[in-house]
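Examination of the molecular architecture
Each chain, written out:
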Amino acid sequence: MLFYTVMKPLVQIALRVFFRRIEVRHPERLHLPGPLLLAGNHPNTLMDPLLAAVNRRQPIAFLAKSTFFVNPILRAIMESGNSIPIYRAQDAGQGGPVTPEQRAAQNEATFGRCYDYLGRGGTIMIFPEGTSVSERRLRPLKTGAARIALGAEARHHFKLGLKVIPVATNYFDPSKFRSDVLLNVAPPIIVADYAAAYAQDPDLAADQLTEAIRVALERRLVITRDAAEDTFVQQIERVFGSHLNPDDDPDTLYDNFQLSRTLLQALPWAEQHFPERLAAARAQFEAYLADLRRHGLTDEALDSQRRGSVVGLLNLVFGAPVWLYGVINNYLPYILPSAVAKRATKDVEFVAPIMLVMGMITFPLAYALQAAAVQHWLTHDWRLTALYVLSLPLTGFYALSYWSTLSARLRRLRAARLFRRAPAVGTELLRQRAELVAELEEARTAYLTAKS
């Protein structure tokens, strides 16, 4: 339980730093008393269990693939995090059981540990997809989660009170630092409701419970059919999200989630009802994006090229020294995690966890070395050194905010210069955008009307 006594507070801080916003919809469902079985989708490897762990007060045990337990050091880490190995067929020969019979025996022991843990009122999290792939899709669910839940209840004659909580995790940019994540928690599924089905046919009961988990997750996830559709929809969201969602509440991510769901549901409907019009709109959209890229612009800069305040400009001017201080003191620990992640893997679903773990190492280490150097060579006073250390994260966050504001202002200036030097080009871009927004609004209204 080392993770929960020592590491959990550190991981909470690290996740709050890594993600710009972590939103949990219906957090009270995560805090229900045990026994609980949390069943989640698995798009982002280590991030998925960590997000669940830091958002539930009570400890969670995790089922993890057995290959994580082969290395002694990694095994110690996994066991300190309350993880239990599960033996998959695709992992045969990688330090675990080789034959199907051996795997079955090991998994039977794993199931027994789960039954004992749940019987004591504990909480277990499992990812029924079986593998982690960074895509906005839900792969077919394996029945292991349902079998564990039903087996635990059967051991107690369906009087245990076990509930399954589907946890749908939606990343808005899974490998990007300072992105957003929404945990969309479903209502509990009462396992005892499947007692009669289990008595008649345990396999059928497991299939039925697995289907209930799948339905609950699908209703709370952004799901695409393929990578091309996902790319197209995300482009629409990035470019026209503020136009299509004018009432977006800045205090919640759920509006963005609903917009994504509506767009992805409307696209197949549009393909069926007016495919030629949709194809023309896609071509027009691609042409608009190409024109923006050719002039080094973004839609947001085009929309706000006349905006900007004197106060904002003064903040940029007088904030420059603070920005420079923040960059000098934070650049190395900030850039190293990204560099290591790019060299370590090409799989998107592993990038964020590597960056998170490396950041938990590089920032404390860098701050400690810098503090020692400042104390030894400059201040010789622990109070001044403490103030210096306090300034490091504060100015680091300020540097990120400053750079974002500066980049946005530079893009607006580039757009304003285009309107001065080539007003006809600027006017044409505005016309293209107005036509696309009108087309999207009309299509959305038609879709919502047809579905109502």
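Residues numbered from 1 in each chain as written. Predicted model: local features only at pLDDT ≥ 70, side-chain atom pairs only at ≥ 80, totals over all residues. Heavy atoms only, no water.

**What about the overall build of the chain?**
What the chain contains, in helices and strands, is 15 helices and 8 strands. Projected onto its principal axes, the C-alpha coordinates of the chain cover approximately 75 × 75 × 40 Å. For the chain, the residues scored as buried account for 45% of the 452 residues in total. A total accessible area of about 23300 Å² is found for the chain, and carbon and sulfur atoms account for 60% of it. A distance of 6 Å separates the average location of the 51 positive side-chain charges in the chain from that of its 43 negative side-chain charges. (Helix = DSSP H or I, 4+ residues; strand = E, 2+ residues; numbered from the N terminus. Buried < 20%, exposed > 50% of the residue type's maximum accessible area, 1.4 Å probe, protein only. Areas by Shrake-Rupley, 256 points an atom, 1.4 Å probe, with all protein chains shown as cover. Lys, Arg positive; Asp, Glu negative; His and termini not counted. Charge placed at Lys NZ, Arg CZ, Asp CG, Glu CD.)

**Side note on the environment of E349**
Within the secondary structure layout, E349 lies in helix 13 (residues 348–379). Looking at E349, the relative accessible area reads 11%, which means it is buried. For the pair E349 and N44, spaced 305 residues apart in sequence, the C-alpha to C-alpha distance is 4.6 Å.

**A short note on the pattern of salt bridges**
Tallying each qualifying case throughout the model produces 20 salt bridges. Notably, a salt bridge pairs D116 with R155, separated by 2.6 Å at the nearest N-O pair. Of this pair, D116 sits in helix 4 (residues 100–119) while R155 sits in helix 5 (residues 144–155), and the two are 39 residues apart along the sequence. A relative accessible area of 43% places R155 in the partly exposed class. For R225, the salt bridge is made with E271, and the minimal N-O distance between the two is 3.1 Å. (Salt bridge = Lys/Arg side-chain N within 4 Å of Asp/Glu carboxyl O.)

**A short note on empty space enclosed by the protein**
Regions of empty space are outlined by a rolling probe, equal in size to a water molecule, passed over the atoms. This model, assessed by the stated rule, comprises 1 cavity of 30 Å³ or more. I236, L267, L278, L440 and A443 are the residues nearest the centre of the largest cavity, which is lined by 23 residues in total. Residue assignment for the lining of the largest cavity shows that the elements contributing at least two residues are helix 8 (227–244), helix 9 (254–273), helix 10 (275–294) and helix 15 (423–451). Tallied by class, the residues present in the lining of the largest cavity amount to 18 nonpolar, 1 polar and 4 charged. (1 Å grid on protein atoms, 1.4 Å probe; cavity = no way out; pocket = protein on both sides within 12 Å on 5 of 7 lines; lining within 4 Å. Points joined across faces, edges and corners; volume = space filled by probe spheres on them. Nonpolar A, V, L, I, M, F, W, Y, C, P; charged D, E, K, R; others polar.)

**Observations regarding helix 5**
In a regular helix each residue adds 1.5 Å, so 12 residues correspond to 16 Å; helix 5 covers 16 Å between its end C-alpha atoms and thus fits that length. Those residues of helix 5 that sit buried are A145, A146, I148, A149, L150, G151, A152 and E153. One or two steps after helix 5, the chain reaches H157, where phi turns positive at roughly 55 degrees. (Expected span 1.5 Å × (residues − 1).)

**With respect to helix 8**
Under the 1.5 Å per step criterion, the end-to-end length of helix 8 is only 22 Å for 18 residues, more than 12% shorter than the ideal 26 Å. Of all the bends found along helix 8, the most pronounced is centred on R238 and spans about 55 degrees. For helix 8, the set of buried residues is E229, D230, F232, V233, Q235, I236, E237, V239, F240, G241 and L244. Among the structural elements, helix 9, helix 10, helix 11 (299–303) and helix 15 are those in contact with the buried residues of helix 8. You can read the cap of helix 8 off the contacts: a side-chain oxygen lies 3.2 Å from the backbone nitrogen of A228, and it is on D226. (Bend = angle between axes of the 7 residues up to and from the residue. Contact = heavy atoms within 4.5 Å. Polar contact = N/O pair within 3.5 Å; in protein donor to acceptor, adjacent residues only side chain to side chain.)

**Some words on a nonpolar patch on the surface**
Taken together, the side chains of L46, V357, I361, L365 and L369 make up a nonpolar region of the molecular surface, amounting to roughly 440 Å² of accessible area. Mapping L46 onto the fold places it in the loop between strand 2 (36–40) and helix 2 (47–54). (Patch = residues over 30% accessible without salt bridge, like charges linked within 9 Å, V, L, I, M, F, W, Y side chains within 5 Å.)

**Quick notes on the pairing of strand 2**
For a regular strand, side chains alternate in direction, first toward one face of the sheet and then toward the other. Among the 5 residues in strand 2, 5 count as buried, and that is most of the element. Burial along strand 2 is two-sided: the face carrying L36, L38 and G40 and the face carrying L37 and A39 are both buried. Where strand 2 and strand 5 (residues 123–126) come together, 4 bridges link them in parallel fashion. Considered in strand 5, the bridge of A39 is made with I126. (Pairing = 2+ DSSP bridges.)

**Points about the packing of aromatic side chains**
For the structure on display, the rule yields 16 aromatic pairs. Seen in terms of ring centroids, W269 and F274 are 5.6 Å apart; in terms of plane orientation they differ by 85 degrees. Their pairing is edge-to-face. Here F274 falls in the buried class, since its relative accessible area comes to 17%. Within the aromatic cluster, the residues linked to one another by ring pairs are F18, F19, Y171, F177 and Y334. Between R25 and the ring centre of Y254, over which it is positioned, the NZ or CZ distance is 3.6 Å. Here the basic side chain of R282 rests over the ring of F232, its NZ or CZ set 4.0 Å away from the ring centre. (Phe/Tyr/Trp six-rings, centres within 6.5 Å; stacked < 30°, edge-to-face > 60°. Lys NZ or Arg CZ within 6 Å of the ring centre and 35° of its normal.)

**Notes on the packing of helix 8 against helix 15**
Two measures define how a pair of helices packs: the angle their axes make with one another and the distance between the axes. Relative orientation of the contacting elements helix 8 and helix 15 amounts to 75 degrees, with a least axis distance of 11 Å. One way to sum up the angle between helix 8 and helix 15 is to call them roughly perpendicular. Across the interface between the two elements, I236, F240, H243 and L244 from helix 8 touch R433, L436, V437, L440, E441 and R444 from helix 15. The class makeup of the residues in the contact of helix 8 with helix 15 is 6 nonpolar, 1 polar and 3 charged. (Axes fitted to C-alpha atoms, helices over the stretch in contact; angles between N-to-C directions. Parallel < 35°, antiparallel > 145°, perpendicular 65-115°, else oblique.)

**Brief notes about the confidence of the model for the chain**
For the chain, the mean per-residue pLDDT works out to 88, and 93% of the residues sit at or above 70. Ranking the helices and strands of the chain by mean pLDDT puts strand 8 (residues 189–190) first, with 98, and helix 3 (residues 72–80) last, with 69. (pLDDT = per-residue confidence, 0-100.)

**Details of the side chain of K8**
As for its position among the elements, K8 is in helix 1 (residues 2–18). Among the polar contacts listed, one links the side chain of K8 to the backbone oxygen of A53, at a separation of 3.3 Å.

**What about a positive patch on the surface?**
Taken together, R414, R417, R420 and R421 make up a surface patch of like positive charges. Note on R421: relative accessible area 67%, which makes it exposed.

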